[in-house]
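Below are the chains, spelled out letter by letter.
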Amino acid sequence: MRIDGNTIKLLRIPFSFFLMPLFLFAYSQAETVVHRQALWAFLIIHLLVYPASNGYNSFVDRDEESIGGLEKPPLPTKDLFYLTVLMDAASILLALLFVNTLFAVCLILYIAASRAYSSRQIRLKKYPYAGFLTVVFFQGAFTYYMSIVGISGKVLEMSPANWYVLLGCSFQIAGAYPLTQVYQHRQDLKDGIVTLSYKLGYIGTFVFTALMFLLCNSFYYLYFTTNKLGMIFFIVQVFFLPIVVYFGYWFYLVKKDRGEANFRNTMRMNWVAAICMNSCFIILIIINRIPLSYISAIETAVPDHRYSQETLASFYSGSTDDLITKRKIKVVAGKTGIETRYSVIADFDKQPEQYEFFNKSVDLLPEPGLGRRMQLYQEHATKLSLQAVNKIRGFEQIKGQITHLITVTCTGLFAPGLDVELMRELNLPPSIQRSSVNFMGCNAAIIALKQADTICRTTPKAKVLVVCTELCTIHFQKQYNDDYLLSNLLFGDGSVAALVTAQPSEQYLHSVSIESFNSMVLHNGYSDMAWRLSETGFIMNLSSYVPDLISKNIEPMLRAVKLSVGGYKHWAIHPGGKRIVDDFALALGLDKCALAHTYQILKDYGNMSSPTVLFVLKEVLEKAKPEHQGDRIFSAAFGPGLSIETMQLQYV
């Protein structure tokens, strides 16, 4: 076998560029990508299978006039036939060695269909409808399916969305194929071939192509919208627009002069279409393969004991005989904006002789020590956390896929810790990667989500479970200074479980992508919000200056990181206290209605420290409407230091 320049020319290897879009489309849509296999699949299809098919077709037809990719084709020799057989055999062998068996089987079927189309013995191409349908199926839906198998190593699931995309691919080829035959009527007739394009006529071919592309676009619309990717469909339309424009212009020329249905105009159409579609699907690859992270679920839990603010204030004031202190407690309680709070402690609405946690005396003395408080934390933290986690929809089915666990708390510690307890109780994989965010206060949930975001952006299959559990009320202290008047009347108990994934979910109306985070520590507020250990429990410093510090610094912080308030339509702000929320709204010029969810969580639960901001975010996400797609969400929480943590999200 001698391989000369003419033999190589008849393989028409550059023509593979025109057949590349469906592979790139499949690469952009595959749920998983095995990159080494994907590269081999690409090379096998485009450098072996397609050129061999072109070469075999040229060998059989012995074209004397223009064919796709060659205006003046040379005459073939038997060397071309032997080369195509060798290339087919090589493609199957390489597929078995470097891709997978199913991909090799798909190649065999594709090659068989290609040979049946061209061979003199079967010659499907001489039948206008059978030939057309063969090309439409094998170069359309089958090529997409085969590409997915090569790229991911998995069979394409036959879901409604995937049926839509397969039909879209076939109609795309159904539109393109007759158009590539429009200049070959005379040559085909000489060979006894009556193509669909010939039957349709010049004008009919263009009308038929327009109809097929309309159907193609309709199925692509159904595919993207079913997958909640409507925005991607409109991106596709931007790239398809030049194709439509040139198609319309060429149709106009052909209507005026049938001679314009020639080889050169056909190749121009091919180049415009291929460049636009390849560019489009490369953009989709970039969009889909850039690692992202999504909040896929947020679920909450609170203890069984629910108390009104009046009950808790009464319990607090009952521990002192000082009338001024009693009055201050009542006044502060009335200004908190809180109506109810939850606690793992059952004592707050009981008589002293019924107390289980506090000393059975009106003055509560002696107070429980740190050891007793930590014992209560250990008894209840895991139970409450499990309640939140088990509310995640379908958790039993996905728990084996959880790759990372991040626990968050600042109200209790023990070892083995909350993370190990959750692993054991939930039967999570023993190889799960764990980390804990401890003692970082009310903004620790955002810090944990920042970690989860980093994990998902570097691990394509990551599923990160974030659990924030705080039992603030176990640190009730019989003190009456301003710090404790605030903390004893603000804090409640609660837990939240959030699932952060590298792939979007269908938990919410719109997928929720994490965009970015920002952080600021206000050193001049170092002592205004603090949290220390003592023999009797955790000691809270919560100065009334905190709202001022936040309100004076939040707007400069946003300006420094170039975030515009006008760019956000939804707000999930940590309800550190009513005045904090009021001053936050005032500082940014927000209507208080924009923070309705924050005020509502404060009213119903109080400040639960780290879980609270996610209680708010859960409300925001569950109230999403169809018209909110594309909207951005701003979230912020405040912690010791004084520190401000912000998170930016988007409905996609």
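Computed from a predicted structure; not experimentally measured.

### Topic: the overall build of the protein chain
Right, on to step 1. What the protein chain contains, in helices and strands, is 22 helices and 13 strands.
Right, on to step 2. Here the protein chain has a C-alpha radius of gyration of 34 Å; the compact-globule value for 652 residues is 26 Å, and the former is much larger.
Right, on to step 3. Referenced to the eigenvectors of the C-alpha coordinate spread, the extents of the protein chain come out at roughly 110 × 50 × 35 Å.
Right, on to step 4. Considering only contacts in the protein chain between residues 6 or more positions apart, those separated by 24 or more positions represent 78%.
Right, on to step 5. About 27900 Å² of surface is accessible on the protein chain, with carbon and sulfur atoms providing 60% of the total.
Right, on to step 6. Side chains of the protein chain carry 58 positive and 51 negative charges; the gap between the two charge centres is 10 Å.

### Some thoughts on the nonpolar core
Right, on to step 1. If you look at the biggest cluster of nonpolar residues, it comprises 80 residues, and the most contacted ones within it are Phe25, Phe103, Tyr144, Tyr220 and Phe224.
Right, on to step 2. Among the elements of the structure, helix H2 (21-29), helix H3 (35-61), helix H5 (101-118), helix H6 (128-152), helix H7 (160-180), helix H9 (196-226), helix H10 (230-256) and helix H11 (263-289) are those that each provide at least two residues to this core.
Right, on to step 3. In this structure, Tyr307, Leu384, Leu405 and Phe476 belong to the second largest nonpolar core, which totals 47 residues.

### So, H10
Right, on to step 1. Over its 27 residues, H10 runs 38 Å from end to end, which matches the ideal 39 Å to within 8%, given 1.5 Å per residue.
Right, on to step 2. Within H10, burial applies to Gly230, Ile232, Phe233, Val236, Phe240, Ile243, Tyr246, Phe247, Trp250, Phe251, Leu253 and Val254.

### Notes on a nonpolar patch on the surface
Right, on to step 1. Taken together, the side chains of Ile3, Ile8, Ile13, Leu39, Leu43 and Leu47 present a nonpolar region at the surface, about 480 Å² in accessible area.
Right, on to step 2. Here the nonpolar patch gets 3 residues from one element, more than from any other, and that element is H3.

### Quick notes on the side chain of Ser361
Right, on to step 1. Within the secondary structure, Ser361 is located in the loop between strand S3 (340-343) and helix H14 (370-389).
Right, on to step 2. A polar contact is formed between the side chain of Ser361 and the backbone oxygen of Leu365, at a distance of 3.2 Å.
Right, on to step 3. Once residues within four sequence positions are removed from consideration, Ser361 is found in contact with Pro352 and Tyr355.

### Notes on the pairing of strand S12 (residues 632-639)
Right, on to step 1. A large share of S12 lies buried, amounting to 7 of its 8 residues.
Right, on to step 2. As paired elements, strand S11 (residues 570-573) and S12 share 4 bridges and run parallel to each other. The residue of S12 that forms the bridge with Trp571 is Phe634.
Right, on to step 3. Where S12 meets strand S13 (residues 643-651), 8 bridges bridge the pair, whose relative direction is antiparallel. Bridging from a neighbouring strand, Ser635 pairs with Met647 of S13.
Right, on to step 4. Between S12 and S13, which pair antiparallel and follow one another directly, the connecting turn spans 3 residues, one of which, Gly641, has a positive phi of 135°.

### Let's talk about the packing of H3 against helix H4 (residues 78-98)
Right, on to step 1. Interhelical geometry of H3 versus H4 gives an angle of 160° and a closest axis separation of 9 Å. Comparing the axis directions of H3 and H4 gives the class roughly antiparallel. Of the two possible hands of crossing, H3 and H4 adopt the one that is left-handed.
Right, on to step 2. Residues that form the contact of H3 with H4 fall into these classes: 16 nonpolar, 5 polar and 3 charged.

### Comments concerning the pairing of strand S6 (residues 463-471)
Right, on to step 1. Extensive coverage of S6 is indicated by the burial of 8 of its 9 residues.
Right, on to step 2. Looking at chain direction, strand S4 (residues 404-409) and S6 are connected through 5 bridges and run parallel. Each residue of the ladder has a partner; that of Thr407, found in S6, is Val467.

### Thoughts on empty space enclosed by the protein
Right, on to step 1. Considering all chains together, one arrives at 2 cavities of 30 Å³ or more under this definition.
Right, on to step 2. Computed from the structure, the largest cavity encloses a volume of approximately 50 Å³.
Right, on to step 3. Take the lining of the largest cavity: its biggest share by element is 3 residues, from H6.
Right, on to step 4. Tallied by class, the residues present in the lining of the largest cavity amount to 7 nonpolar, 3 polar and 1 charged.

Scoring rules and cut-offs
Residues numbered from 1 in each chain as written. Predicted model: local features only at pLDDT ≥ 70, side-chain atom pairs only at ≥ 80, totals over all residues. Heavy atoms only, no water. Helix = DSSP H or I, 4+ residues; strand = E, 2+ residues; numbered from the N terminus. Rg over C-alpha atoms; globule rule 2.2 N^0.38 Å. Contact = heavy atoms within 4.5 Å. Areas by Shrake-Rupley, 256 points an atom, 1.4 Å probe, with all protein chains shown as cover. Lys, Arg positive; Asp, Glu negative; His and termini not counted. Charge placed at Lys NZ, Arg CZ, Asp CG, Glu CD. Core = buried A, V, L, I, M, F, W, Y, C linked by side-chain atoms within 4.5 Å. Buried < 20%, exposed > 50% of the residue type's maximum accessible area, 1.4 Å probe, protein only. Expected span 1.5 Å × (residues − 1). Patch = residues over 30% accessible without salt bridge, like charges linked within 9 Å, V, L, I, M, F, W, Y side chains within 5 Å. Salt bridge = Lys/Arg side-chain N within 4 Å of Asp/Glu carboxyl O. Polar contact = N/O pair within 3.5 Å; in protein donor to acceptor, adjacent residues only side chain to side chain. Pairing = 2+ DSSP bridges. Axes fitted to C-alpha atoms, helices over the stretch in contact; angles between N-to-C directions. Parallel < 35°, antiparallel > 145°, perpendicular 65-115°, else oblique. Left-handed = near helix turned anticlockwise from the far one by under 90°. Nonpolar A, V, L, I, M, F, W, Y, C, P; charged D, E, K, R; others polar. 1 Å grid on protein atoms, 1.4 Å probe; cavity = no way out; pocket = protein on both sides within 12 Å on 5 of 7 lines; lining within 4 Å. Points joined across faces, edges and corners; volume = space filled by probe spheres on them.

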